[in-house]
Amino acid sequence: MKEINFVRGRIKALTKLGQNDKKFFNIAAITTSVFLLILAGVLGFKFYFVSQLGDIQSSRENLLERIKSKEATEKSFVLFVSKLRVLSEIFSQRKDKQDVIGYFSQVFGPDVVIDRIAYDADSQLLAFGLLSKDIFTLETVFDILDSEQSKQRFSSLAKSNLQRNSGGTYRMQITIVLGKEGEK
Amino acid sequence: MKIKQKQKINFRSLIINRRYLVISVIIGVAGLLVVFLGITPQINQTLDLNRKIKTEQQKLELLIRKTSDLENIDAQEAYASVDLVDQVLPSKKPLLELLAVLSTIAGKSEVVFTNMSLSPGKIASESAQFINSAKSNTGQTKVTPVIKEDRGFLDVELKVSGLFSNVEQFFLDVERVAPLIIIKSISLNIKSEEIIMPTDQVDAELVLSVYYFTKTVSASLESSLPSIGSKEQEIISEISSYYYPSIEVQQQIIGGGLEDLFGLNIQEIKEAGF
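Criteria and thresholds
- Residues numbered from 1 in each chain as written.
- Chains lettered and ligands numbered in written order.
- Predicted model: local features only at pLDDT ≥ 70, side-chain atom pairs only at ≥ 80, totals over all residues.
- Heavy atoms only, no water.
- Core = buried A, V, L, I, M, F, W, Y, C linked by side-chain atoms within 4.5 Å.
- Buried < 20%, exposed > 50% of the residue type's maximum accessible area, 1.4 Å probe, protein only.
- Helix = DSSP H or I, 4+ residues; strand = E, 2+ residues; numbered from the N terminus.
- Domains from an automatic or database assignment.
- Contact = heavy atoms within 4.5 Å.
- Buried area = accessible area lost by both parts, 1.4 Å probe.
- Polar contact = N/O pair within 3.5 Å; in protein donor to acceptor, adjacent residues only side chain to side chain.
- Expected span 1.5 Å × (residues − 1).
- pLDDT = per-residue confidence, 0-100.
- Pairing = 2+ DSSP bridges.
- Axes fitted to C-alpha atoms, helices over the stretch in contact; angles between N-to-C directions.
- 1 Å grid on protein atoms, 1.4 Å probe; cavity = no way out; pocket = protein on both sides within 12 Å on 5 of 7 lines; lining within 4 Å.
- Points joined across faces, edges and corners; volume = space filled by probe spheres on them.

Participant: An account of the nonpolar core is requested, with residue identities and associated values reported.
Facilitator: Membership of the largest hydrophobic core comes to 86 residues, with the highest contact counts inside it found for Phe80 and Phe104 of chain A together with Phe170 of chain B. No other element matches helix H2 (residues 71–107) of chain A, which puts 11 residues into this core. Here this core gathers at least three residues from each of two domains, domain 1 (1–71) and domain 2 (90–217 + 227–239) of chain B. Discounting residues that sit within four places of it in the chain, Phe170 of chain B has contacts with Leu102, Ile105, Ala106, Ser109, Val111, Leu158, Val160 and Leu206 of chain B.

Right, here's the structure in full:
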(Lines give C-alpha, C1' and ligand atoms only; values in the text may rest on other atoms or scores of the structure.)
Protein backbone atom coordinates (compact mmCIF):
# COMPACT_ATOMS: atom_id res chain seq x y z
CA MET A 1 0.00 0.00 0.00
CA LYS A 2 1.47 3.28 -1.10
CA GLU A 3 1.69 6.18 1.40
CA ILE A 4 0.78 9.61 0.27
CA ASN A 5 2.57 12.48 2.11
CA PHE A 6 0.30 15.49 2.02
CA VAL A 7 2.70 17.80 4.02
CA ARG A 8 5.84 17.13 2.08
CA GLY A 9 6.10 20.69 0.84
CA ARG A 10 5.46 22.03 4.33
CA ILE A 11 8.21 19.79 5.82
CA LYS A 12 10.60 20.91 3.14
CA ALA A 13 9.88 24.56 3.87
CA LEU A 14 10.22 23.94 7.60
CA THR A 15 13.54 22.15 7.10
CA LYS A 16 14.84 25.10 5.08
CA LEU A 17 13.66 27.53 7.75
CA GLY A 18 15.27 25.32 10.43
CA GLN A 19 18.59 25.44 8.57
CA ASN A 20 18.39 29.24 8.32
CA ASP A 21 17.48 29.45 12.02
CA LYS A 22 20.49 27.33 12.88
CA LYS A 23 22.67 29.75 10.94
CA PHE A 24 21.17 32.64 12.91
CA PHE A 25 21.68 30.65 16.09
CA ASN A 26 25.35 30.04 15.25
CA ILE A 27 25.94 33.70 14.38
CA ALA A 28 24.16 34.88 17.56
CA ALA A 29 26.01 32.34 19.70
CA ILE A 30 29.42 33.22 18.24
CA THR A 31 28.79 36.97 18.46
CA THR A 32 27.58 36.75 22.05
CA SER A 33 30.53 34.51 22.95
CA VAL A 34 32.87 37.09 21.44
CA PHE A 35 31.10 39.81 23.47
CA LEU A 36 31.46 37.69 26.60
CA LEU A 37 35.15 37.17 25.85
CA ILE A 38 35.59 40.91 25.33
CA LEU A 39 33.78 41.54 28.64
CA ALA A 40 36.04 39.03 30.37
CA GLY A 41 39.10 40.73 28.84
CA VAL A 42 37.90 44.18 29.89
CA LEU A 43 37.18 42.90 33.41
CA GLY A 44 40.65 41.34 33.47
CA PHE A 45 42.21 44.69 32.52
CA LYS A 46 40.06 46.43 35.12
CA PHE A 47 41.20 44.08 37.89
CA TYR A 48 44.80 44.51 36.77
CA PHE A 49 44.45 48.30 36.86
CA VAL A 50 42.71 48.17 40.25
CA SER A 51 45.55 46.12 41.67
CA GLN A 52 48.12 48.45 40.04
CA LEU A 53 46.33 51.47 41.55
CA GLY A 54 46.35 49.74 44.93
CA ASP A 55 50.11 49.17 44.62
CA ILE A 56 50.67 52.81 43.66
CA GLN A 57 48.55 54.03 46.56
CA SER A 58 50.35 51.82 49.04
CA SER A 59 53.73 53.03 47.70
CA ARG A 60 52.41 56.59 47.97
CA GLU A 61 51.40 56.08 51.61
CA ASN A 62 54.81 54.60 52.31
CA LEU A 63 56.60 57.55 50.65
CA LEU A 64 54.38 60.08 52.45
CA GLU A 65 55.37 58.48 55.77
CA ARG A 66 59.05 58.80 54.81
CA ILE A 67 58.53 62.45 53.82
CA LYS A 68 56.70 63.12 57.10
CA SER A 69 59.65 61.71 59.01
CA LYS A 70 61.86 64.27 57.22
CA GLU A 71 59.51 67.18 57.97
CA ALA A 72 62.10 69.20 59.91
CA THR A 73 64.65 68.90 57.07
CA GLU A 74 62.05 69.94 54.50
CA LYS A 75 61.01 72.92 56.61
CA SER A 76 64.61 74.02 56.97
CA PHE A 77 65.31 73.62 53.23
CA VAL A 78 62.17 75.49 52.10
CA LEU A 79 63.04 78.33 54.50
CA PHE A 80 66.62 78.31 53.21
CA VAL A 81 65.53 78.64 49.56
CA SER A 82 62.93 81.33 50.42
CA LYS A 83 65.61 83.34 52.20
CA LEU A 84 67.97 82.93 49.23
CA ARG A 85 65.27 84.25 46.90
CA VAL A 86 64.66 87.30 49.11
CA LEU A 87 68.43 87.88 49.30
CA SER A 88 68.70 87.56 45.53
CA GLU A 89 66.10 90.31 45.07
CA ILE A 90 67.70 92.63 47.66
CA PHE A 91 71.18 92.00 46.24
CA SER A 92 70.15 92.81 42.67
CA GLN A 93 68.68 96.17 43.83
CA ARG A 94 71.74 96.85 45.97
CA LYS A 95 74.10 95.93 43.13
CA ASP A 96 72.59 98.63 40.91
CA LYS A 97 73.20 101.14 43.68
CA GLN A 98 76.77 99.94 44.34
CA ASP A 99 77.60 100.00 40.60
CA VAL A 100 76.44 103.63 40.29
CA ILE A 101 78.34 104.71 43.42
CA GLY A 102 81.44 102.85 42.19
CA TYR A 103 81.14 104.55 38.79
CA PHE A 104 80.78 108.07 40.17
CA SER A 105 83.45 107.66 42.83
CA GLN A 106 86.02 106.90 40.09
CA VAL A 107 84.88 108.86 37.07
CA PHE A 108 85.37 112.42 38.46
CA GLY A 109 88.90 112.08 39.81
CA PRO A 110 90.41 113.26 43.10
CA ASP A 111 89.19 116.89 42.89
CA VAL A 112 85.54 115.90 43.31
CA VAL A 113 84.15 114.50 46.53
CA ILE A 114 80.82 112.77 46.97
CA ASP A 115 79.83 114.23 50.33
CA ARG A 116 76.30 112.94 50.47
CA ILE A 117 74.44 109.89 49.23
CA ALA A 118 70.78 109.05 49.77
CA TYR A 119 69.07 105.93 48.50
CA ASP A 120 65.37 105.22 48.41
CA ALA A 121 64.72 101.52 47.80
CA ASP A 122 60.98 101.98 47.15
CA SER A 123 61.39 104.45 44.32
CA GLN A 124 64.91 103.21 43.35
CA LEU A 125 66.21 106.77 43.56
CA LEU A 126 69.84 107.52 44.27
CA ALA A 127 70.88 111.08 45.06
CA PHE A 128 74.47 112.35 45.35
CA GLY A 129 75.87 115.54 46.78
CA LEU A 130 79.03 116.49 44.82
CA LEU A 131 81.70 118.92 45.96
CA SER A 132 83.98 120.22 43.18
CA LYS A 133 87.29 121.94 43.93
CA ASP A 134 86.84 124.80 41.44
CA ILE A 135 84.95 125.93 38.37
CA PHE A 136 87.26 123.96 36.02
CA THR A 137 86.56 120.74 37.89
CA LEU A 138 82.86 121.57 37.79
CA GLU A 139 83.05 121.95 34.01
CA THR A 140 84.66 118.51 33.80
CA VAL A 141 81.86 117.15 35.99
CA PHE A 142 79.25 118.65 33.62
CA ASP A 143 81.07 117.20 30.60
CA ILE A 144 81.13 113.75 32.18
CA LEU A 145 77.46 113.94 33.17
CA ASP A 146 76.44 115.08 29.68
CA SER A 147 78.65 112.51 27.92
CA GLU A 148 77.18 109.76 25.73
CA GLN A 149 78.54 107.16 28.15
CA SER A 150 76.55 108.63 31.07
CA LYS A 151 73.41 109.00 28.94
CA GLN A 152 73.63 105.38 27.83
CA ARG A 153 74.28 104.15 31.34
CA PHE A 154 71.47 106.02 33.12
CA SER A 155 68.00 106.42 31.73
CA SER A 156 67.32 109.33 34.07
CA LEU A 157 69.98 111.68 35.43
CA ALA A 158 69.10 115.10 36.86
CA LYS A 159 71.42 117.89 38.09
CA SER A 160 70.19 120.43 40.60
CA ASN A 161 70.92 122.74 43.57
CA LEU A 162 74.19 124.16 42.29
CA GLN A 163 75.82 126.38 44.94
CA ARG A 164 79.13 128.24 45.17
CA ASN A 165 80.75 128.35 48.58
CA SER A 166 82.87 131.20 49.91
CA GLY A 167 86.02 129.03 49.55
CA GLY A 168 85.43 128.73 45.80
CA THR A 169 84.20 125.15 45.88
CA TYR A 170 81.00 124.17 44.10
CA ARG A 171 78.31 121.93 45.50
CA MET A 172 75.61 120.28 43.43
CA GLN A 173 73.14 117.41 43.54
CA ILE A 174 72.74 114.55 41.07
CA THR A 175 69.67 112.34 41.07
CA ILE A 176 69.55 109.00 39.29
CA VAL A 177 66.67 106.56 38.85
CA LEU A 178 68.11 103.05 39.11
CA GLY A 179 67.03 100.13 36.96
CA LYS A 180 66.76 99.75 33.23
CA GLU A 181 64.33 101.70 31.06
CA GLY A 182 62.35 98.59 30.20
CA GLU A 183 61.81 97.64 33.82
CA LYS A 184 59.84 100.77 34.66
CA MET B 1 -12.71 31.53 20.76
CA LYS B 2 -11.50 29.85 17.59
CA ILE B 3 -9.14 32.71 16.80
CA LYS B 4 -7.62 32.52 20.32
CA GLN B 5 -7.12 28.75 20.01
CA LYS B 6 -5.52 29.24 16.60
CA GLN B 7 -3.07 31.84 18.03
CA LYS B 8 -2.13 29.51 20.90
CA ILE B 9 -1.41 26.75 18.46
CA ASN B 10 0.74 29.06 16.30
CA PHE B 11 2.84 30.18 19.31
CA ARG B 12 3.42 26.59 20.35
CA SER B 13 4.25 25.69 16.77
CA LEU B 14 6.74 28.57 16.67
CA ILE B 15 8.56 27.21 19.73
CA ILE B 16 8.55 23.71 18.38
CA ASN B 17 9.35 24.39 14.77
CA ARG B 18 11.56 27.50 15.08
CA ARG B 19 13.22 26.98 18.44
CA TYR B 20 16.65 27.92 17.01
CA LEU B 21 15.30 31.27 15.92
CA VAL B 22 13.77 31.88 19.35
CA ILE B 23 17.03 30.91 21.08
CA SER B 24 18.99 33.08 18.61
CA VAL B 25 16.78 36.06 19.47
CA ILE B 26 17.28 35.41 23.20
CA ILE B 27 21.06 35.05 22.73
CA GLY B 28 21.11 38.21 20.57
CA VAL B 29 19.26 40.17 23.23
CA ALA B 30 21.65 38.79 25.86
CA GLY B 31 24.59 39.79 23.62
CA LEU B 32 23.21 43.31 23.31
CA LEU B 33 22.78 43.46 27.10
CA VAL B 34 26.40 42.31 27.47
CA VAL B 35 27.49 45.12 25.14
CA PHE B 36 25.42 47.93 26.61
CA LEU B 37 25.33 46.96 30.28
CA GLY B 38 28.66 45.16 30.53
CA ILE B 39 31.34 46.05 27.99
CA THR B 40 30.62 49.78 27.47
CA PRO B 41 30.51 50.83 31.17
CA GLN B 42 33.43 48.51 32.01
CA ILE B 43 35.55 50.01 29.20
CA ASN B 44 34.70 53.51 30.45
CA GLN B 45 35.59 52.56 34.02
CA THR B 46 38.83 50.89 32.85
CA LEU B 47 39.83 53.96 30.84
CA ASP B 48 39.07 56.16 33.88
CA LEU B 49 41.22 53.85 36.00
CA ASN B 50 44.01 54.04 33.45
CA ARG B 51 43.88 57.85 33.51
CA LYS B 52 43.87 57.81 37.31
CA ILE B 53 46.88 55.45 37.32
CA LYS B 54 48.79 57.80 35.01
CA THR B 55 48.03 60.78 37.30
CA GLU B 56 48.90 58.78 40.43
CA GLN B 57 52.07 57.51 38.74
CA GLN B 58 53.18 61.08 38.05
CA LYS B 59 52.46 62.02 41.68
CA LEU B 60 54.33 58.93 42.81
CA GLU B 61 57.36 59.83 40.70
CA LEU B 62 57.30 63.32 42.24
CA LEU B 63 57.14 61.80 45.72
CA ILE B 64 59.98 59.37 44.91
CA ARG B 65 62.08 62.31 43.68
CA LYS B 66 61.16 64.37 46.75
CA THR B 67 61.99 61.51 49.13
CA SER B 68 65.30 60.93 47.40
CA ASP B 69 66.06 64.69 47.47
CA LEU B 70 65.17 64.89 51.16
CA GLU B 71 67.30 61.87 52.01
CA ASN B 72 70.27 63.27 50.08
CA ILE B 73 69.75 66.91 51.04
CA ASP B 74 72.80 67.03 53.25
CA ALA B 75 74.93 66.06 50.25
CA GLN B 76 73.85 69.24 48.42
CA GLU B 77 76.74 71.66 48.40
CA ALA B 78 74.50 74.74 48.56
CA TYR B 79 72.62 73.49 51.62
CA ALA B 80 75.86 73.50 53.59
CA SER B 81 75.51 77.31 53.62
CA VAL B 82 72.21 77.21 55.53
CA ASP B 83 73.80 78.67 58.67
CA LEU B 84 75.42 81.50 56.70
CA VAL B 85 72.11 82.36 55.04
CA ASP B 86 70.38 82.29 58.44
CA GLN B 87 72.93 84.74 59.76
CA VAL B 88 72.73 87.06 56.75
CA LEU B 89 68.92 87.09 56.77
CA PRO B 90 67.80 86.01 60.25
CA SER B 91 64.19 85.26 61.12
CA LYS B 92 64.15 87.81 63.96
CA LYS B 93 65.27 91.41 64.45
CA PRO B 94 69.05 91.03 64.63
CA LEU B 95 69.82 93.76 67.14
CA LEU B 96 72.62 92.06 69.09
CA GLU B 97 74.25 90.78 65.94
CA LEU B 98 74.08 94.27 64.42
CA LEU B 99 75.78 95.86 67.45
CA ALA B 100 78.46 93.17 67.47
CA VAL B 101 79.22 93.45 63.76
CA LEU B 102 79.24 97.26 63.68
CA SER B 103 81.57 97.36 66.64
CA THR B 104 83.94 94.85 64.96
CA ILE B 105 84.09 96.53 61.55
CA ALA B 106 84.44 99.98 63.17
CA GLY B 107 87.46 98.59 65.05
CA LYS B 108 88.86 97.04 61.86
CA SER B 109 88.44 100.27 59.86
CA GLU B 110 89.72 102.35 62.80
CA VAL B 111 86.68 104.61 62.97
CA VAL B 112 84.89 105.64 66.15
CA PHE B 113 81.17 105.65 66.88
CA THR B 114 80.06 108.93 68.32
CA ASN B 115 76.34 108.24 68.29
CA MET B 116 73.96 105.42 67.47
CA SER B 117 70.20 105.13 67.74
CA LEU B 118 67.35 103.04 66.47
CA SER B 119 64.28 104.44 64.66
CA PRO B 120 66.13 107.63 63.70
CA GLY B 121 64.30 110.92 63.70
CA LYS B 122 66.53 113.85 62.84
CA ILE B 123 68.90 112.17 60.41
CA ALA B 124 66.08 110.27 58.80
CA SER B 125 64.22 113.49 58.21
CA GLU B 126 67.35 115.13 56.75
CA SER B 127 67.82 112.13 54.54
CA ALA B 128 64.14 112.24 53.67
CA GLN B 129 64.49 115.93 52.74
CA PHE B 130 67.44 115.10 50.50
CA ILE B 131 65.61 112.27 48.79
CA ASN B 132 62.40 114.37 48.51
CA SER B 133 64.36 117.08 46.78
CA ALA B 134 65.78 114.37 44.49
CA LYS B 135 62.28 113.10 43.76
CA SER B 136 61.05 116.56 42.87
CA ASN B 137 64.03 116.87 40.47
CA THR B 138 63.05 113.69 38.67
CA GLY B 139 59.34 114.52 38.75
CA GLN B 140 58.56 111.70 41.19
CA THR B 141 56.71 113.73 43.78
CA LYS B 142 54.71 110.86 45.17
CA VAL B 143 55.88 107.29 45.22
CA THR B 144 53.71 104.52 46.55
CA PRO B 145 55.91 102.44 48.83
CA VAL B 146 56.22 98.81 47.82
CA ILE B 147 55.42 96.72 50.90
CA LYS B 148 57.27 93.43 50.80
CA GLU B 149 55.70 90.87 53.09
CA ASP B 150 58.72 88.59 53.00
CA ARG B 151 61.15 90.95 54.73
CA GLY B 152 61.33 93.53 57.45
CA PHE B 153 64.00 96.09 58.16
CA LEU B 154 65.25 98.08 61.06
CA ASP B 155 66.60 101.60 60.49
CA VAL B 156 69.65 102.56 62.50
CA GLU B 157 71.20 106.00 62.74
CA LEU B 158 74.96 106.07 63.13
CA LYS B 159 77.59 108.79 63.48
CA VAL B 160 81.17 107.78 62.89
CA SER B 161 84.38 109.75 62.81
CA GLY B 162 87.86 108.95 61.62
CA LEU B 163 90.24 109.48 58.76
CA PHE B 164 88.46 109.95 55.42
CA SER B 165 90.10 106.82 53.95
CA ASN B 166 89.06 104.77 57.02
CA VAL B 167 85.49 106.08 56.90
CA GLU B 168 85.35 105.15 53.20
CA GLN B 169 86.58 101.65 54.10
CA PHE B 170 83.87 101.46 56.79
CA PHE B 171 81.23 102.32 54.15
CA LEU B 172 82.51 99.48 51.97
CA ASP B 173 82.72 96.95 54.82
CA VAL B 174 79.34 97.71 56.33
CA GLU B 175 77.53 96.21 53.33
CA ARG B 176 79.56 93.00 53.46
CA VAL B 177 78.52 91.66 56.83
CA ALA B 178 75.89 89.48 58.44
CA PRO B 179 73.12 90.49 59.14
CA LEU B 180 72.44 92.11 55.77
CA ILE B 181 72.86 95.88 55.90
CA ILE B 182 72.04 98.43 53.20
CA ILE B 183 73.26 102.00 53.47
CA LYS B 184 70.21 104.20 53.09
CA SER B 185 71.97 107.49 53.39
CA ILE B 186 75.48 108.86 53.92
CA SER B 187 76.24 112.41 54.86
CA LEU B 188 79.78 113.69 55.36
CA ASN B 189 80.19 116.65 57.68
CA ILE B 190 82.95 118.64 56.07
CA LYS B 191 84.13 121.47 58.30
CA SER B 192 86.34 123.27 55.81
CA GLU B 193 85.22 124.08 52.31
CA GLU B 194 88.35 122.60 50.85
CA ILE B 195 88.40 119.25 49.08
CA ILE B 196 88.92 116.42 51.57
CA MET B 197 92.16 114.47 51.48
CA PRO B 198 92.29 110.77 52.52
CA THR B 199 94.21 111.75 55.66
CA ASP B 200 91.66 114.39 56.76
CA GLN B 201 89.52 113.76 59.82
CA VAL B 202 85.81 113.56 58.91
CA ASP B 203 82.50 112.91 60.64
CA ALA B 204 79.86 110.93 58.79
CA GLU B 205 76.19 110.39 59.48
CA LEU B 206 74.69 107.20 58.16
CA VAL B 207 71.27 105.65 58.09
CA LEU B 208 71.45 101.90 57.69
CA SER B 209 68.67 99.40 57.06
CA VAL B 210 69.19 95.99 58.61
CA TYR B 211 67.09 93.30 56.98
CA TYR B 212 65.42 90.25 58.49
CA PHE B 213 63.08 87.57 57.13
CA THR B 214 59.36 87.75 57.96
CA LYS B 215 57.67 85.52 55.40
CA THR B 216 55.49 82.64 56.56
CA VAL B 217 56.74 79.69 54.55
CA SER B 218 54.35 76.87 53.79
CA ALA B 219 54.88 73.55 52.05
CA SER B 220 52.56 70.65 51.40
CA LEU B 221 53.50 66.99 51.64
CA GLU B 222 52.95 66.37 47.95
CA SER B 223 54.64 69.49 46.60
CA SER B 224 58.15 69.18 45.22
CA LEU B 225 61.14 70.76 46.91
CA PRO B 226 62.12 74.20 45.60
CA SER B 227 65.21 74.25 43.43
CA ILE B 228 68.36 76.30 43.87
CA GLY B 229 69.12 78.21 40.68
CA SER B 230 72.19 80.00 39.43
CA LYS B 231 71.15 83.32 41.05
CA GLU B 232 70.92 81.62 44.44
CA GLN B 233 74.32 79.97 43.86
CA GLU B 234 75.80 83.42 43.20
CA ILE B 235 74.33 84.69 46.48
CA ILE B 236 75.86 81.76 48.36
CA SER B 237 79.31 82.38 46.88
CA GLU B 238 79.01 86.12 47.63
CA ILE B 239 77.95 85.74 51.27
CA SER B 240 80.69 83.19 51.92
CA SER B 241 83.17 86.11 51.94
CA TYR B 242 81.08 88.16 54.41
CA TYR B 243 82.06 88.90 57.97
CA TYR B 244 80.02 86.96 60.56
CA PRO B 245 79.96 88.25 64.14
CA SER B 246 80.40 85.86 67.03
CA ILE B 247 78.27 86.61 70.04
CA GLU B 248 79.31 85.01 73.28
CA VAL B 249 76.42 83.45 75.12
CA GLN B 250 76.57 82.61 78.83
CA GLN B 251 76.31 78.85 79.05
CA GLN B 252 76.23 78.17 82.83
CA ILE B 253 75.64 79.88 86.15
CA ILE B 254 78.52 79.65 88.60
CA GLY B 255 77.61 79.54 92.30
CA GLY B 256 74.02 79.09 93.40
CA GLY B 257 74.78 77.84 96.95
CA LEU B 258 76.95 74.91 95.96
CA GLU B 259 79.95 76.28 97.77
CA ASP B 260 80.14 76.75 101.57
CA LEU B 261 81.49 80.30 101.65
CA PHE B 262 81.70 80.39 105.51
CA GLY B 263 83.52 77.05 105.93
CA LEU B 264 80.72 75.56 108.06
CA ASN B 265 80.32 71.81 108.27
CA ILE B 266 76.58 71.43 107.73
CA GLN B 267 76.60 67.72 108.70
CA GLU B 268 78.14 68.48 112.12
CA ILE B 269 75.64 71.28 112.77
CA LYS B 270 72.75 68.93 111.98
CA GLU B 271 74.11 66.20 114.25
CA ALA B 272 74.53 68.73 117.07
CA GLY B 273 70.81 69.33 116.86
CA PHE B 274 70.75 72.96 115.77
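Participant: Give a detailed account of the interface of chain A and chain B, specifying residues and quantitative values.
Facilitator: Across the boundary between the two partners, chain A contributes 82 residues, which contact 92 residues of chain B. Both sides of the chain A and chain B interface together cover about 8,200 Å² of buried area, and 70% of this is carbon and sulfur. It is Phe77, Phe80 and Lys83 of chain A in chain A that bury the most area against chain B; as a group they hold 9% of the surface buried on that side. Our enumeration of links across chain A and chain B arrives at 23 residue pairs in polar contact (both at pLDDT 80 or more).

Participant: Can you tell me about helix H3 (residues 135–146) of chain A, naming the residues and giving the values?
Facilitator: In this model H3 of chain A runs 16 Å from its N-terminal to its C-terminal C-alpha over 12 residues, within 8% of the 16 Å that 1.5 Å per residue would give. Where H3 of chain A begins, the capping side chain belongs to Asp134 of chain A, and its oxygen is found 3.2 Å from the backbone nitrogen of Phe136 of chain A.

Participant: Can you break down the confidence of the model for chain A residue by residue, with the values?
Facilitator: Confidence in the prediction of chain A, expressed as mean pLDDT, is 86, and 96% of residues score 70 or more. Per-element confidence in chain A ranges from a low mean pLDDT of 81 for strand E1 (residues 112–120) of chain A to a high of 92 for helix H1 (residues 8–69) of chain A.

Participant: Go over the confidence of the model for chain B, please, and point to the residues and values.
Facilitator: Residue and element names in this part refer to chain B. Of all residues in chain B, 74% attain a pLDDT of 70 or more, and the chain-wide mean is 80. Within chain B, the element-level pLDDT minimum falls on helix H5 (residues 122–138), averaging 57, and the maximum on helix H2 (residues 19–71), averaging 93. Overall, residues 121–125 carries pLDDT values under 50, and its contacts beyond four positions in sequence, including any with other chains, amount to 6 contacts. A low-confidence stretch, residues 141–146 (pLDDT under 50), is modelled with 6 contacts involving residues beyond four sequence positions or located in other chains.

Participant: Explain the sheet that holds strand E2 (residues 151–163) of chain B to me, using residue names and the numbers behind them.
Facilitator: Spatial ordering of the open sheet is given by E3(A)-E4(A)-E2(A)-E1(A)-E3(B)-E4(B)-E2(B)-E1(B), a layout of 8 strands whose pairing is antiparallel. Of all the strands in the sheet, just strand E3 (157–164) of chain A together with strand E1 (112–118) of chain B have a single pairing partner and so form its edges. Between one strand axis and the next, the sheet turns by 20° as a mean value, whatever way the strands run. In terms of strand pairing, E2 of chain B meets strand E4 (residues 201–213) of chain B through 13 bridges, oriented antiparallel. For Asp155 of chain B, the partnering residue across the bridge sits in E4 of chain B and is Ser209 of chain B. Its contacts with the sheet place H2 of chain A against E1, strand E2 (125–132), E3 and strand E4 (170–177) of chain A together with E2, strand E3 (181–189) and E4 of chain B, and it is angled at close to 30° to E2 of chain A. Contacts from helix H6 (residues 164–174) of chain B reach E1 of chain A together with E2, E3 and E4 of chain B within the one sheet, and its direction differs from that of E2 of chain B by about 165°.

Participant: An account of the layout of surface pockets is needed here, citing residue identities and associated values.
Facilitator: The volume enclosed by the largest pocket comes to roughly 870 Å³. Along its surface, the largest pocket is lined by 38 residues, and Ile101 and Ser105 of chain A together with Glu168, Phe171 and Leu172 of chain B are the ones closest to its centre. Elements supplying a minimum of two residues to the lining of the largest pocket: H2 and E1 of chain A together with H6 and E3 of chain B. Counting residues per element, the lining of the largest pocket draws most heavily on H2 of chain A, which supplies 10 residues.

Participant: Summarise the environment of Arg171 of chain A; cite the residues concerned and give the values.
Facilitator: Relative to the assigned elements, Arg171 of chain A resides in strand E4. With 41 residues separating them along the chain, Arg171 of chain A and Leu130 of chain A place their C-alpha atoms 5.5 Å apart.

Participant: Explain unusual backbone geometry residue by residue, including any values.
Facilitator: The omega torsion of the bond from Ala178 of chain B to Pro179 of chain B falls at 0°, within 30 degrees of zero and hence cis. As for its placement among the helices and strands, Pro179 of chain B is situated in the loop between H6 and E3. Here the phi dihedral of Asn161 of chain A falls at roughly 50°; this positive angle occurs in a residue that is not glycine. With respect to the element layout, Asn161 of chain A can be found in strand E3. A residue is classified by how much of its surface remains accessible, and Asn161 of chain A, at 42% relative accessible area, is partly exposed. The residue Glu110 of chain B is not glycine, and still its phi comes out positive at about 60°. Considering the arrangement of structural elements, one finds Glu110 of chain B in the loop between helix H4 (95–109) and E1.

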